[in-house]
Amino acid sequence: MDNAFVILAMPGLGYAYAFVISAYAFIDLGFAFVISGFAIAISGYAIAISGYAIAISGYAIVISGYAFVISGYAFVISGYAIAISGYAIVISTFAFIDFVITVADCTYSQTTNRYEK
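**Q** For the overall build of the chain, give the residues involved together with the corresponding values.
**A** When helices and strands are tallied, the chain shows one helix and zero strands. Counting the 117 residues in the chain, one finds 1% classified as buried.

**Q** Describe a nonpolar patch on the surface, naming the residues involved and giving the relevant values.
**A** A cluster of nonpolar residues, Val90, Phe94, Phe96, Ile97, Phe99, Val100, Ile101 and Val103, forms a patch on the protein surface that exposes about 770 Å² of accessible area. Along the polypeptide, Ile97 turns up in helix 1 (residues 2–112). On the basis of relative accessibility, which here comes to 42%, the residue Ile97 falls in the partly exposed class.

How each quantity is defined
Residues numbered from 1 in each chain as written. Predicted model: local features only at pLDDT ≥ 70, side-chain atom pairs only at ≥ 80, totals over all residues. Heavy atoms only, no water. Helix = DSSP H or I, 4+ residues; strand = E, 2+ residues; numbered from the N terminus. Buried < 20%, exposed > 50% of the residue type's maximum accessible area, 1.4 Å probe, protein only. Patch = residues over 30% accessible without salt bridge, like charges linked within 9 Å, V, L, I, M, F, W, Y side chains within 5 Å. Areas by Shrake-Rupley, 256 points an atom, 1.4 Å probe, with all protein chains shown as cover. Salt bridge = Lys/Arg side-chain N within 4 Å of Asp/Glu carboxyl O.

Rendered as C-alpha coordinates:
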(Lines give C-alpha, C1' and ligand atoms only; values in the text may rest on other atoms or scores of the structure.)
Protein backbone atom coordinates (compact mmCIF):
# COMPACT_ATOMS: atom_id res chain seq x y z
CA MET A 1 0.00 0.00 0.00
CA ASP A 2 2.88 2.36 0.66
CA ASN A 3 4.10 2.01 -2.88
CA ALA A 4 0.72 2.95 -4.28
CA PHE A 5 0.65 6.13 -2.20
CA VAL A 6 4.12 7.09 -3.39
CA ILE A 7 3.20 6.45 -7.00
CA LEU A 8 0.04 8.50 -6.68
CA ALA A 9 1.82 11.29 -4.80
CA MET A 10 4.78 11.57 -7.20
CA PRO A 11 3.02 13.59 -9.89
CA GLY A 12 1.81 16.02 -7.23
CA LEU A 13 5.34 16.47 -5.90
CA GLY A 14 6.63 16.98 -9.44
CA TYR A 15 4.03 19.67 -10.06
CA ALA A 16 4.88 21.38 -6.77
CA TYR A 17 8.58 21.29 -7.64
CA ALA A 18 7.84 22.70 -11.10
CA PHE A 19 5.76 25.44 -9.49
CA VAL A 20 8.62 26.37 -7.15
CA ILE A 21 11.08 26.41 -10.05
CA SER A 22 8.74 28.59 -12.12
CA ALA A 23 8.34 30.94 -9.13
CA TYR A 24 12.12 31.28 -8.97
CA ALA A 25 12.16 31.87 -12.72
CA PHE A 26 9.58 34.65 -12.34
CA ILE A 27 11.65 36.21 -9.55
CA ASP A 28 14.73 36.06 -11.77
CA LEU A 29 12.69 37.58 -14.58
CA GLY A 30 11.66 40.39 -12.23
CA PHE A 31 15.30 41.02 -11.34
CA ALA A 32 16.15 41.03 -15.04
CA PHE A 33 13.44 43.65 -15.67
CA VAL A 34 14.74 45.76 -12.79
CA ILE A 35 18.32 45.52 -14.06
CA SER A 36 17.24 46.35 -17.61
CA GLY A 37 15.27 49.31 -16.21
CA PHE A 38 18.43 50.56 -14.51
CA ALA A 39 20.34 50.04 -17.75
CA ILE A 40 17.73 52.03 -19.68
CA ALA A 41 17.85 54.80 -17.07
CA ILE A 42 21.66 54.90 -17.19
CA SER A 43 21.63 55.02 -20.99
CA GLY A 44 19.08 57.84 -20.76
CA TYR A 45 21.41 59.77 -18.50
CA ALA A 46 24.28 59.04 -20.90
CA ILE A 47 22.22 60.37 -23.82
CA ALA A 48 21.36 63.50 -21.82
CA ILE A 49 25.01 64.04 -20.87
CA SER A 50 26.12 63.59 -24.48
CA GLY A 51 23.45 66.10 -25.49
CA TYR A 52 24.85 68.59 -23.01
CA ALA A 53 28.35 67.85 -24.31
CA ILE A 54 27.19 68.49 -27.88
CA ALA A 55 25.59 71.77 -26.79
CA ILE A 56 28.72 72.83 -24.92
CA SER A 57 30.91 71.99 -27.91
CA GLY A 58 28.53 74.02 -30.08
CA TYR A 59 28.92 76.98 -27.76
CA ALA A 60 32.70 76.45 -27.82
CA ILE A 61 32.65 76.50 -31.63
CA VAL A 62 30.65 79.75 -31.58
CA ILE A 63 32.98 81.31 -29.01
CA SER A 64 36.04 80.26 -31.01
CA GLY A 65 34.41 81.84 -34.07
CA TYR A 66 33.97 85.08 -32.16
CA ALA A 67 37.58 84.84 -30.97
CA PHE A 68 38.70 84.34 -34.58
CA VAL A 69 36.74 87.42 -35.68
CA ILE A 70 38.14 89.47 -32.78
CA SER A 71 41.68 88.35 -33.60
CA GLY A 72 41.02 89.40 -37.21
CA TYR A 73 39.97 92.84 -36.00
CA ALA A 74 43.07 92.98 -33.80
CA PHE A 75 45.20 92.06 -36.81
CA VAL A 76 43.62 94.87 -38.86
CA ILE A 77 44.08 97.36 -36.01
CA SER A 78 47.71 96.34 -35.60
CA GLY A 79 48.14 96.82 -39.34
CA TYR A 80 46.77 100.35 -38.98
CA ALA A 81 49.10 100.92 -36.05
CA ILE A 82 52.06 99.75 -38.10
CA ALA A 83 51.04 102.07 -40.95
CA ILE A 84 50.63 105.02 -38.57
CA SER A 85 54.02 104.33 -36.98
CA GLY A 86 55.49 104.14 -40.48
CA TYR A 87 54.02 107.56 -41.26
CA ALA A 88 55.40 108.82 -37.96
CA ILE A 89 58.85 107.51 -38.87
CA VAL A 90 58.65 109.26 -42.26
CA ILE A 91 57.48 112.53 -40.68
CA SER A 92 60.16 112.38 -37.97
CA THR A 93 62.76 111.64 -40.64
CA PHE A 94 61.66 114.73 -42.56
CA ALA A 95 61.70 116.72 -39.30
CA PHE A 96 65.21 115.48 -38.55
CA ILE A 97 66.36 116.42 -42.06
CA ASP A 98 64.75 119.84 -41.63
CA PHE A 99 66.49 120.15 -38.23
CA VAL A 100 69.85 119.25 -39.80
CA ILE A 101 69.28 121.78 -42.60
CA THR A 102 68.26 124.45 -40.08
CA VAL A 103 71.33 123.80 -37.92
CA ALA A 104 73.54 123.86 -40.98
CA ASP A 105 71.92 127.11 -42.16
CA CYS A 106 72.32 128.71 -38.73
CA THR A 107 75.91 127.56 -38.55
CA TYR A 108 76.59 128.90 -42.04
CA SER A 109 74.89 132.20 -41.27
CA GLN A 110 76.86 132.53 -38.02
CA THR A 111 80.15 131.92 -39.76
CA THR A 112 79.41 134.17 -42.75
CA ASN A 113 77.35 136.81 -40.90
CA ARG A 114 74.90 136.63 -43.73
CA TYR A 115 71.86 137.86 -41.76
CA GLU A 116 73.54 140.87 -40.14
CA LYS A 117 73.79 142.99 -43.27
